[in-house]
Structures are given as structure tokens and as C-alpha cells.
Amino acid sequence: MPRSKATAFLLSGLVVAALAVGGYWLLQRTAPDTCRICQRPIHAEARAVIEVDGKREPVCCARCALTLQQQEHRPVRLVEVTDYVSRQPLAPEAAYYVEGSRVVLCDRHEPLLDQTKHPYPRVFDRCVPSLYAFARRQEAEAFAAQNGGTVQRLPELLEEVEPRP
């Protein structure tokens, strides 16, 4: 009798372990991709790919990539951006960018609170002002007309982050 109890206990433990591993696997498969830089979800219409130290990785938006370059003073290359309308990959040099619109997908929804439970005023947010890529100038201009912001090309954006002599 004691041997059957030990076997049942061992099998129960294996079942619990298998369920835990399966649950963890499922959670990892269904969790949204997260930006390594700002820890925010990567939205399909704003996704970008950067290259840092020879390694490519997805980030939440082109603004996050440009801010990283500016803060760390090391080369960060924007390899790919996503067309806001079609959600298709796009070469950064071919895109038209809308900067500073009222649409901010990377915005934090929960306020940061101090010890007295009062919200901190936002002084800096690496993903603001928003920056979205478009394949066609007409689509970028229509988006800017509806949501605010200015239409720019990549060289104008890079002027902001490149060191000046």
C-alpha cells in the first residue's frame, strides 16, 4: 500500500509540473512583445528594428531608437520601420514620418505616483513626441491634418540626435 501512495504522489507531482511548464509556455506565446529599451508593448503599426553593436532587435517605435542613440552616444542604426497604415515593413530612408501627433501609442496609462500618492509631472518620456512612419506622403499628411504633428524625412530627424561640433 505505501508503494502505491508514493507512486500516486510522484505522478501527481509530475502532472502539476507539466501543467506549470505548459502554462508558462502558453503565457510566453500569448504575451505581447516588449521593447527592451522602455519595457512597453510593441504595437504592430509603430514597430521598428534597430541595430546596436551588430545585433538587431525590435523596439516599440522609431522615437525610442532615436532617443537611445542620443542618450548613449553610440551608433544606433534604424534598420526597419513599419508603415502605420498597412503595418508592412519599410526602409527608414523611404518613409515619411509624422512627429508630434496627438496619437501616442507608447504612452503610459498608469500615472507614476510619489510617496504621497500624487502623480509626478512628466518631465521626460523617451517615446514622446510620437513618431510614426508612412509609406506615402499623402497618408502622412492626412494623418497629420487629423491628429496634429509635422511631416518629416529621416535626415531631418537624424539632425536632432547627431552630435554637433
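Residues numbered from 1 in each chain as written. Predicted model: local features only at pLDDT ≥ 70, side-chain atom pairs only at ≥ 80, totals over all residues. Heavy atoms only, no water.

Novice: Tell me about the pairing of strand 1 (residues 48-52), residues and numbers included.
Specialist: Extensive coverage of strand 1 is indicated by the burial of four of its five residues. One ladder, built from five bridges, connects strand 1 with strand 2 (residues 55-59); its direction is antiparallel. Pairing of E51 across the sheet is with R56, part of strand 2. Connecting the antiparallel pair strand 1 and strand 2 is a turn made up of two residues, with D53 showing a positive phi of about 55°. (Buried < 20%, exposed > 50% of the residue type's maximum accessible area, 1.4 Å probe, protein only. Helix = DSSP H or I, 4+ residues; strand = E, 2+ residues; numbered from the N terminus. Pairing = 2+ DSSP bridges.)

Novice: Just give me the short version of a nonpolar patch on the surface, but keep the residues and values in it.
Specialist: A cluster of nonpolar side chains, namely L10, L11 and L14, defines an oily patch on the protein surface of about 320 Å² accessible area. Positionally, L11 belongs in helix 1 (residues 2-30). (Patch = residues over 30% accessible without salt bridge, like charges linked within 9 Å, V, L, I, M, F, W, Y side chains within 5 Å. Areas by Shrake-Rupley, 256 points an atom, 1.4 Å probe, with all protein chains shown as cover. Salt bridge = Lys/Arg side-chain N within 4 Å of Asp/Glu carboxyl O.)

Novice: Run through the sheet that holds strand 3 (residues 76-82), naming residues and quoting values.
Specialist: The strand order 2-1-3-4 describes an open sheet built from four strands, whose pairing is antiparallel. Of all the strands in the sheet, the pair left with one neighbour each is strand 2 and strand 4 (89-90). The pairing of strand 3 with strand 4 spans two bridges and is classified as antiparallel. The residue of strand 4 that forms the bridge with V81 is L90.

Novice: Please set out the sheet that holds strand 6 (residues 131-134) residue by residue, giving values where relevant.
Specialist: Overall, antiparallel pairing links the three strands, which are arranged 6-5-7 in an open sheet. Looking at the sheet topology across the chains shown, the edges are occupied by strand 6 and strand 7 (150-152). Sheet twist, expressed as the mean angle between neighbouring strand axes with direction ignored, is 30°. Across three bridges, strand 5 (residues 96-99) lies against strand 7 in antiparallel orientation. By the bridge assignment for strand 7, E99 is matched with T150. Together, strand 5, strand 6 and strand 7 form the strand contacts of helix 3 (residues 137-147), whose direction differs from that of strand 5 by roughly 10°. (Axes fitted to C-alpha atoms, helices over the stretch in contact; angles between N-to-C directions. Contact = heavy atoms within 4.5 Å.)

Novice: Give me the nonpolar core: which residues, what numbers.
Specialist: Formed by 36 residues in total, the largest nonpolar core has its most connected members in C35, I50, C60, C64, L78, V81 and Y97. Those elements that place two or more of their residues in this core are strand 1, helix 2 (62-72), strand 3, strand 5, strand 6, helix 3 and helix 4 (154-161). The greatest single-element share of this core, amounting to five residues, is contributed by helix 2. With sequence-adjacent residues up to four places away left out, C60 is seen in contact with C35, C38, P41, I42, A46, R47, C106 and C127. (Core = buried A, V, L, I, M, F, W, Y, C linked by side-chain atoms within 4.5 Å.)

Novice: Please set out the packing of aromatic side chains residue by residue, giving values where relevant.
Specialist: Here the structure, examined in full by the defined rule, presents five aromatic pairs. With a centroid separation of 5.2 Å and 50° between ring planes, the pair formed by Y84 and Y132 is classed as tilted. With Y84 in the loop between strand 3 and strand 4 and Y132 in strand 6, this pair connects stretches of sequence that are 48 residues apart. On the accessibility criterion, Y132 (2% relative accessible area) is buried. Members of the aromatic cluster, each reached through a chain of ring pairs, are Y84, Y132, F134 and F143. Just above the ring of Y96 sits the side chain of R153; from NZ or CZ to the centre is 4.0 Å. (Phe/Tyr/Trp six-rings, centres within 6.5 Å; stacked < 30°, edge-to-face > 60°. Lys NZ or Arg CZ within 6 Å of the ring centre and 35° of its normal.)

Novice: Break down helix 2 for me, with residues and values.
Specialist: Extensive coverage of helix 2 is indicated by the burial of eight of its eleven residues. Those residues of helix 2 that fall on the buried side of the exposure criterion are A62, R63, C64, A65, L66, T67, L68 and Q69. With its phi angle positive at about 50°, H73 sits one or two positions after the end of helix 2.

Novice: Lay out the state of the cysteines with the relevant residues and their values.
Specialist: This model, assessed by the stated rule, comprises zero disulfides. With no disulfide partner, C60 has as its closest neighbouring cysteine sulfur the one in C38, 3.5 Å distant. Left without a disulfide partner, C61 is nearest to the cysteine sulfur of C60, which lies 3.7 Å away. (Disulfide = S-S within 2.5 Å.)

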